[in-house]
Amino acid sequence: MQAAEWKKDYEEFEEVTRQFFAGEVPVPKYKGFSGGFGSYAQRGGKASMLRLRLPGGRVSKEKLGFVVKGIEKYHIDKVHFTTCQTIQLHNLNADAVCELAVKALDYGIVTRGGGGDFPRNVMVSPLSGVEKGECFDVLPYAQAAADYLMGFIKTVKLPRKLKVCFSNSPKNETHATFRDLGFVAREDGRFDVYSAGGLGNNPRMGIKVAEAADGSKILYYIKAMVNLFVSYGNYENRAKARTRYMQEVLGDRYTECFQEKLREAMKEEKLDICVENTEIIKRLDGTAIEDRRVIPQKQEGLYAVEYHPLGGCPQPSKLKELYEAMSGMDDIELRIAPDETVYIINCTAKEAEKLLDITADSAETLFESSVACIGASICQVGVRDSQKLLERLIKEAREWGYVDGVLPKIHISGCPSSCGTHQIGRIGFRGGVKKSDGAMQPAFVLTVNGEDAEGREHFGEQVGTILESDIPAFLKQLGAEVAESGKGFDEWYEGHAERFVEIAKPYVE
């Protein structure tokens, strides 16, 4: 669908948005409307956010330029890389959100369906196509899927949102084995297909509904998933309107019902696709580089630079620095990862060196690369301020001085929605409250031992609820014990799972 066809939709968006900012539309009603355009009012109802839909987390130089121009024109002071591989622009007034949503279309960015009950941003392993050891490049298939899914926004009413993702290796960075619909690459060039998984309340692992699926047939699987969701999804109770609840509805019949919808789609439609992998041809500079944030690509002589702004929130001015540097580099693009990291791919050694300097504010340790949702200071449904907690923990951890790896990457969600993917964190925190000294106090539910790698995936086990004010002391004590062992957290935990609970016990009782 062309940009001109989408622009008509945004006329109503602007009208209702301006009514909201004028106080003529209440927050709940506006939320139900604006989410379908990738925008929500922030807490307090005085500003908006805009979510830029970026299939596979791909940000070309041109798209980055659009973001930079918007930042400068509207003095945007808050940007967030999300765990769904999108960019969120925050603290926007009515003029900013209305203009940016429409202007984005000229750069191939459609915010439509970025929220609400629609197919969401298609997720892809961030280094697909350049990663050594990947099964194969899944990005072309994901792009075809993203284009196809946009057609459902105007034609099908879904019970709730639908998340589709592709994984290029057993790393399973996109959580393809436990999303609404996940395509998992195999060594033989085909896909295993998983369905009806998801994080959030009552998380569920996906059900494998197909093995060795031909990549040319992926759109039939998407059509089958949509039709299955429409047939068996819960339109009455929003709390149970995600695909994972269909496991309860259909039970052991789930795979059979999915296959039935698949056969119908293959009989009724012509959805075969043919994809072509684009070879990267770039003049090399004849030099090499080694750095903990530089990843050699499978293309000899090219590199990806890893950049993890703390909390996934880069300084807006940093994006301008990156854009200006990238403008003189060929075939460069950004890839946003599901853990709020950004990779700048297809760099020569000299380009990588320059980009390392620009991104020197990146996380310095595994712990500093921890994940946090945008938090309750901005999000309407948030319970706790995830960003504030992470900022405090990083500041204190630098004073503790533990060796890198003693504390793991943690995942913080401000509420049960799991935007911080706390359930797959080695240590996870989910916003809540706890009674202390006769009053309800800010707190987080503590989980441990989450894992997302294919074949080992499982959700973290709940340990208890810890006061927010006690979290630094708990992590400091934990880190001291791990450091004394001379091991990193993962290795230590393998033999000390019960000891972890003992350390946590005084804080969660």
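Scroll up to find the structure this text is about.
The numbering scheme is per chain: residues are counted from 1 as the chain's sequence reads. Local features in this predicted model are restricted to residues of pLDDT 70 or higher, and side-chain atom pairs are both shown and tallied only at a pLDDT of 80 or more, whereas totals for entire chains, interfaces and linings draw on every residue. The side-chain values count all of the structure's non-hydrogen atoms but skip hydrogen atoms and water molecules.

Asks: Explanation requested: the pairing of strand β4 (residues 78–81) in the structure shown.
Replies: Side-chain positions along a regular strand alternate between the two faces of the sheet. Two elements, β4 and strand β5 (residues 87–92), share four bridges in a ladder whose sense is antiparallel. Across the sheet, the residue bridging to V79 is L89, located in β5. Think of it this way: DSSP has to see at least two bridges between two strands before they count as a pair. Each helix is a run of H or I in the DSSP string that is no shorter than four residues. Each strand is a run of E no shorter than two, and both are numbered from the N terminus. Where β4 folds back onto β5 in an antiparallel hairpin, the turn is made up of five residues, including Q85, whose phi is positive at roughly 65 degrees.

Asks: Whenever I open this one, the side chain of D192 confuses me. Can you help?
Replies: You can see D192 is positioned in strand β9 (residues 191–195). Only protein chains enter the accessibility calculation, which uses a 1.4 Å probe. A residue is then buried if its area is under 20% of the maximum for its type, exposed if over 50%, and partly exposed in between. Taking the relative accessible area as the measure of exposure, D192 reaches 7% and is therefore buried. At 2.9 Å, the side chain of D192 and the side chain of R186 are in polar contact. In what follows, a contact means two residues having at least one pair of non-hydrogen atoms within 4.5 Å. Once you skip the residues sitting within four places of it in the chain, D192 turns out to touch G182, F183, V184, R186, K208, A210, E211 and A212. Here a polar contact means two N or O atoms within 3.5 Å. Within protein one must be a hydrogen donor candidate and the other an acceptor candidate, and residues neighboring in sequence count only if both atoms are side-chain atoms.

Asks: Hey, could you run me through the nonpolar core in this one?
Replies: Within soluble globular proteins, side chains that are nonpolar generally end up buried alongside one another. Nonpolar core, defined: a set of buried Ala, Val, Leu, Ile, Met, Phe, Trp, Tyr and Cys residues in which side-chain atoms within 4.5 Å join the residues together. Membership of the largest hydrophobic core comes to 59 residues, with the highest contact counts inside it found for I87 and L355. The element contributing the most residues to this core is helix α4 (residues 61–74), with six residues. What L355 contacts, discounting residues up to four positions off in sequence, is V305, L322, A325, M326, M329, I344 and C347. Within the second largest apolar cluster, 46 residues are counted, among which are Y148, I222, M225 and L262.

Asks: Sorry, what's going on with the packing of helix α13 (residues 471–485) against helix α15 (residues 497–508) here?
Replies: In a packed pair of helices, the relevant descriptors are the angle between the two axes and the axis-to-axis distance. At a minimum axis separation of 10 Å, α13 and α15 run at an interaxial angle of 150 degrees. Relative to α15, the element α13 lies roughly antiparallel. Here the hand of the crossing between α13 and α15 comes out right-handed. Of the residues in α15, those touching α13 at A473, F474, Q477, L478 and E481 are R499, F500, I503, A504 and Y507. Three classes are used: nonpolar for Ala, Val, Leu, Ile, Met, Phe, Trp, Tyr, Cys and Pro, charged for Asp, Glu, Lys and Arg, and polar for all others, with Gly counted as polar. Taken together, the residues that form the contact of α13 with α15 break down as seven nonpolar, one polar and two charged. Axis definition: a line fit to C-alpha positions, over the contact stretch in the case of helices; interaxial angles, taken between N-to-C directions, run 0 to 180 degrees. In what follows, roughly perpendicular refers to angles from 65 to 115 degrees, roughly parallel to angles under 35, roughly antiparallel to angles over 145, and oblique to any angle outside these ranges. Left-handed describes a crossing in which the near helix is turned anticlockwise from the far one by less than a right angle; the clockwise case is right-handed.

Asks: Whenever I open this one, the pattern of salt bridges confuses me. Can you help?
Replies: Two side chains of opposite charge can pair, provided their charged atoms sit close to one another. Basic side-chain nitrogens of Lys or Arg form a salt bridge, by our definition, when they fall within 4 Å of a carboxyl oxygen of Asp or Glu. If you walk through the whole model with that rule in mind, you get 33 salt bridges. Taking the shortest distance from any N to any O, the salt bridge between E11 and K8 comes out at 3.4 Å. Since its relative accessible area comes to 56%, K8 is described here as exposed. A salt bridge links R384 to E468, with the shortest nitrogen-to-oxygen separation between them at 3.8 Å. Remark: E468 occurs in the loop between β19 (461–467) and α13 and R384 occurs in the loop between β15 (371–372) and α12 (386–400); sequence separation between them is 84 residues. With a relative accessible area of 15%, R384 lands in the buried category.

Asks: Help me understand the sheet that holds strand β3 (residues 58–59), please; the structure alone is not making it clear to me.
Replies: Across a sheet, paired strands are connected by hydrogen bonds in the backbone, their directions being either parallel or antiparallel. The strand order across the open sheet built from five strands is β3-β13-β14-β12-β11, with neighbouring strands paired in antiparallel fashion. In this open sheet, the two strands that pair with only one neighbour each are β3 and β11 (294–296).

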